[in-house]
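Here's the letter readout for the chains.
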Amino acid sequence: MTTSPALSVGLIGTGRMGAFHAETLARRLPGVRLGALADPAPGAALALADRLGCATAYTDAADLFADPDIGAVVIATPARTHADLVEAAAKAGKAVYCEKPMAVTLAEADRAVEAARVAGVPLQVGFNRRYDAGFRAAHDRIRAGDIGTPQLLRSLTRDPGLADPSRIPPWTIFLETLIHDFDTLRYLNPGAEPAEVFAMADALVRPDFKDRGLLDTAVVTIRFDNGALATAEANFQAVYGYDVRGEVFGSNGMFTMGDIRRTHLTAYGPDGITAGCTTYDQDLFRDAYVAELADFAETVRTGRTPYVTGEDARAALAVALAAVESVTTGGPVRVARV
């Protein structure tokens, strides 16, 4: 009996998220191996390669794209580099997994999607909530009609702590945080598309950084083309932990998703009722992060359409950009379709 050779995947960007993905490729996925790492920071790729037993490390992503041993690429670099790297990887004939957001302008998104289409390679984007068991079960049951017609939806992201506001680029709360929620709301309202957005945002956690462009708190209302109304909210400092939840209210019932508790243990004592909370995204969504890369590998092997496509990423970006425009103008904004 013969076995297929392992899929050799190269990873670009060895920071916090990149290191987790690299470890998944190296240790958690049967039939996959971490073939190479790349990072422009001197020594960064080599240090992670040594830790994970990867033989090849580059400082230039172009060298990884040119490596004939690499069949697929995972991009985990800063957001504003994503679109160019997706385009370069696709032109090199590599299957592409890109962390969110895939791009920060619609023109960039269109170039990335077109590059993958022309090259005939899959392009998958890292909206990990679609791989969380609760969110996926809700999607499947909503699609099956179990709660009738969705009418009200809610998605929220509250990060556990705002460390250094000076390192946060303008509009991050929409382009990099709420982008997850915008995709989640589309996912939980199958077949419908966002039509109009109204957004409000402010620096409530660190008001002293507002004059430098920081927005750390935001609420976005979205009207979908099927009539459903949705809200997405984010805050950069939830003192109790990493809080991600969703809710869909329909004509025949309601689903809720998300639980911040580390376990189902609840303690009853003299100080009241307490439960330990998750404070890190790689703990809350650990299984989902692994599942999305496992699915990417299976997509590469089988040639099927990715579960989360470049078009999905573009659609979420269109909502984020409409939210940016809404905050700038102070009024509702139609969501761009083309």
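Up top you'll find the structure we're talking about.
Since the model is a prediction, treat every value here as computed from it, not as a measurement.

1. Here we look at the packing of aromatic side chains
We describe a pair of aromatic rings using the distance from one ring centre to the other and the angle between the two ring planes.
Reasoning step 1: Counted according to the given criterion, the structure contains 6 aromatic pairs.
Reasoning step 2: The interplanar angle of 85° and the centroid separation of 6.4 Å between the aromatic rings of Tyr-242 and Phe-285 together place this pair among those described as edge-to-face. Of the two residues, Tyr-242 is situated in the loop between strand 10 (229-235) and strand 11 (243-250) and Phe-285 in the loop between helix 8 (281-284) and helix 9 (286-302); the sequence distance between them amounts to 43 residues. You'll find Tyr-242 and Phe-285 in the same group, each marked buried.
Reasoning step 3: Members of the aromatic cluster, joined through ring pairs, are Tyr-131, Tyr-187 and Tyr-307.
Reasoning step 4: In this structure, Arg-28 is placed above the aromatic ring of Phe-20, and the distance from its NZ or CZ to the ring centre is 4.6 Å.
Reasoning step 5: For Arg-136, the ring lying beneath its charged end belongs to Tyr-307, and the centroid distance is 4.0 Å.

2. Some remarks on helix 6 (residues 133-143)
Reasoning step 1: For helix 6, every residue scored as buried is listed here: Phe-135, Ala-138, His-139 and Ile-142. The buried residues of helix 6 occupy an angular sector of 100° when the element is viewed end-on, so they sit on one face.
Reasoning step 2: For helix 6, the N-terminal cap is Asp-132; the gap from its side-chain oxygen to the backbone nitrogen of Gly-134 is 3.0 Å.
Reasoning step 3: Directly after helix 6, the chain includes Gly-145, whose backbone phi takes a positive value near 90°.

3. Focus on the pattern of salt bridges
Reasoning step 1: All chains considered together, the criterion is met by 26 salt bridges.
Reasoning step 2: Linking Arg-186 and Glu-193 is a salt bridge whose minimum nitrogen-to-oxygen distance equals 2.8 Å.
Reasoning step 3: What makes Arg-186 buried here is its relative accessible area of 13%.
Reasoning step 4: The exposure class of Glu-193 is partly exposed, given its relative accessible area of 24%.

4. Thoughts on the sheet that holds strand 10
Reasoning step 1: Ordered in space as 12-11-7-10-9-8-15, the 7 strands form an open sheet in which the pairing is mixed. Looking at which strands have only one partner, the edges of the open sheet turn out to be strand 12 (253-257) and strand 15 (333-334).
Reasoning step 2: As judged from the 2 bridges shared by strand 8 (residues 194-202) and strand 15, these two strands associate in the antiparallel manner. Bridging from a neighbouring strand, Val-197 pairs with Val-333 of strand 15.
Reasoning step 3: Packing of helix 6 onto the sheet brings it into contact with strand 7 (150-158), strand 11 and strand 12, and relative to strand 12 it is tilted by some 160°.
Reasoning step 4: Sheet strands in contact with helix 10 (residues 310-329) are strand 8, strand 9 (217-224) and strand 15, and its direction is about 55° off that of strand 8.

Definitions and limits used
- Residues numbered from 1 in each chain as written.
- Predicted model: local features only at pLDDT ≥ 70, side-chain atom pairs only at ≥ 80, totals over all residues.
- Heavy atoms only, no water.
- Phe/Tyr/Trp six-rings, centres within 6.5 Å; stacked < 30°, edge-to-face > 60°.
- Helix = DSSP H or I, 4+ residues; strand = E, 2+ residues; numbered from the N terminus.
- Buried < 20%, exposed > 50% of the residue type's maximum accessible area, 1.4 Å probe, protein only.
- Lys NZ or Arg CZ within 6 Å of the ring centre and 35° of its normal.
- Arc of directions from axis to C-beta.
- Polar contact = N/O pair within 3.5 Å; in protein donor to acceptor, adjacent residues only side chain to side chain.
- Salt bridge = Lys/Arg side-chain N within 4 Å of Asp/Glu carboxyl O.
- Pairing = 2+ DSSP bridges.
- Contact = heavy atoms within 4.5 Å.
- Axes fitted to C-alpha atoms, helices over the stretch in contact; angles between N-to-C directions.

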